[in-house]
Amino acid sequence: MLTRYASQGLSVVDCPVVIATKPVPIDLLVVSSDERSWIELIMGDTAWSSEDEVVYEKQNQFGYFPNVGAAPAEILADSAGTAMGLIFRVTAQNPDRQSLNPGKANASRLFTLGFRKSGVCFLGITQDNTEARRLMESSTSCLRLLKSHSLY
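Student: Tell me what's going on with the layout of surface pockets, and back it up with residues and numbers.
Tutor: In this structure, the largest pocket occupies an estimated 220 Å³ of space. As for the largest pocket, its lining consists of 15 residues, and the residues nearest its centre are Cys15, Pro16, Leu28, Pro72 and Ala73. In terms of residue class, the lining of the largest pocket is made up of 14 nonpolar, 1 polar and no charged.

Structure below.
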């Protein structure tokens, strides 16, 4: 599976996913090019990519060179322990502050994804975890399904 990324010149880090000490059937990958990174989720035989939302979608752009932040990603689960979605931080270089800190990430946003029967759904961007959790828990409508591809 990871050879697909290497053949495209991308680096991948596979991160374990656990809900309340119970492993879940989701592989979380941080995929990166030389200047940008994003999350990919492997669920069953499908890979769901946040690349378009993080890197290319104009309404989500808030700075240069967006990268998945070092802060832990958060998977929210319902009372039965079923994963409802994912919150992860993306950092970028603020274009208005480049002269103050060249090359440093100085802006960040939380990207919120929901797990729906139709697939992995982009719910929105927030400034803080409370707002991101509210997006997920309120059954916010899907703005867009993430791009996906079959692994087999």
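Student: Can you break down the pairing of strand S8 (residues 74–77) residue by residue, with the values?
Tutor: Pairing analysis gives 4 bridges linking S8 to strand S9 (residues 83–93), with the strands arranged antiparallel. Pairing of Ile75 across the sheet is with Leu86, part of S9. What sits between S8 and S9 in their antiparallel hairpin is a turn of 5 residues, with Gly81 showing a positive phi close to 90 degrees.

Student: Can you break down the nonpolar core residue by residue, with the values?
Tutor: Of all hydrophobic cores here, the largest spans 31 residues; its most connected members are Ile39, Leu41, Leu86, Phe88 and Leu113. Residue assignment for this core shows that the elements contributing at least two residues are strand S4 (26–32), strand S5 (37–43), strand S6 (46–49), helix H2 (51–56), S9, strand S10 (107–116) and strand S11 (119–126). Leave out the neighbours within four places in its chain, and Phe88 touches Ile39, Ser50, Val54, Val68, Ala73, Arg109, Leu110, Phe111 and Leu113. Judged by nonpolar contacts, the second largest core, of 7 residues, contains Ile87, Leu110, Ala132 and Met136.

Student: Just give me the short version of the side chain of His149, but keep the residues and values in it.
Tutor: Structurally, the position occupied by His149 is in strand S13 (residues 147–150). A distance of 3.5 Å separates a polar atom in the side chain of His149 from a polar atom in the side chain of Arg4. Residues within four places of His149 in sequence aside, it is in contact with Arg4, Tyr5, Glu40, Asp45, Thr46 and Ala47.

Student: How would you explain helix H3 (residues 129–137) if you had to name every residue and give the values?
Tutor: Burial in H3 covers these residues: Ala132, Leu135 and Met136. The buried side chains of H3 occupy one side of the element, clustering within an arc of 95 degrees when seen end-on. With respect to the buried face of H3, the exposed residues turned more than 90 degrees away are Thr130 and Glu137. The opening residue of H3 is Asp128, an N-cap whose side-chain oxygen sits 3.1 Å from the backbone nitrogen of Thr130. Directly after H3, the chain includes Ser139, whose backbone phi takes a positive value near 55 degrees.

Student: Help me get a handle on the sheet that holds S13, residues and values and all.
Tutor: Ordered in space as S1-S4-S5-S6-S13, the 5 strands form an open sheet in which the pairing is antiparallel. Two strands in the sheet have a free side with no partner beyond their single neighbour: strand S1 (11–15) and S13. Across this sheet, the average inter-strand angle for adjacent strands is 25 degrees, counted without regard to direction. As paired strands, S6 and S13 are joined by 4 bridges and run antiparallel to one another. If you follow Thr46 over to S13, its bridge partner there is Ser150.

Student: Describe the packing of aromatic side chains, listing the residues and the values that go with them.
Tutor: The relation between two aromatic rings is expressed through the spacing of the ring centres and the mutual angle of the planes. All told, the structure shown has 3 aromatic pairs when counted by the stated rule. Judged by centre distance (6.1 Å) and plane angle (50 degrees), the ring pair of Phe111 and Phe122 falls under tilted. With a gap of 11 residues between them, Phe111 in strand S10 and Phe122 in strand S11 connect regions that are remote in the sequence. Look at Phe122 and you get buried, because its relative accessible area is 1%. A network of ring pairs unites the aromatic residues Phe88, Phe111 and Phe122 as a single cluster.

Here is what the cut-offs are and how they apply
Residues numbered from 1 in each chain as written. Predicted model: local features only at pLDDT ≥ 70, side-chain atom pairs only at ≥ 80, totals over all residues. Heavy atoms only, no water. 1 Å grid on protein atoms, 1.4 Å probe; cavity = no way out; pocket = protein on both sides within 12 Å on 5 of 7 lines; lining within 4 Å. Points joined across faces, edges and corners; volume = space filled by probe spheres on them. Nonpolar A, V, L, I, M, F, W, Y, C, P; charged D, E, K, R; others polar. Pairing = 2+ DSSP bridges. Helix = DSSP H or I, 4+ residues; strand = E, 2+ residues; numbered from the N terminus. Core = buried A, V, L, I, M, F, W, Y, C linked by side-chain atoms within 4.5 Å. Buried < 20%, exposed > 50% of the residue type's maximum accessible area, 1.4 Å probe, protein only. Contact = heavy atoms within 4.5 Å. Polar contact = N/O pair within 3.5 Å; in protein donor to acceptor, adjacent residues only side chain to side chain. Arc of directions from axis to C-beta. Axes fitted to C-alpha atoms, helices over the stretch in contact; angles between N-to-C directions. Phe/Tyr/Trp six-rings, centres within 6.5 Å; stacked < 30°, edge-to-face > 60°.

So, to be careful, I would describe these as geometric facts and stop short of saying anything about function.
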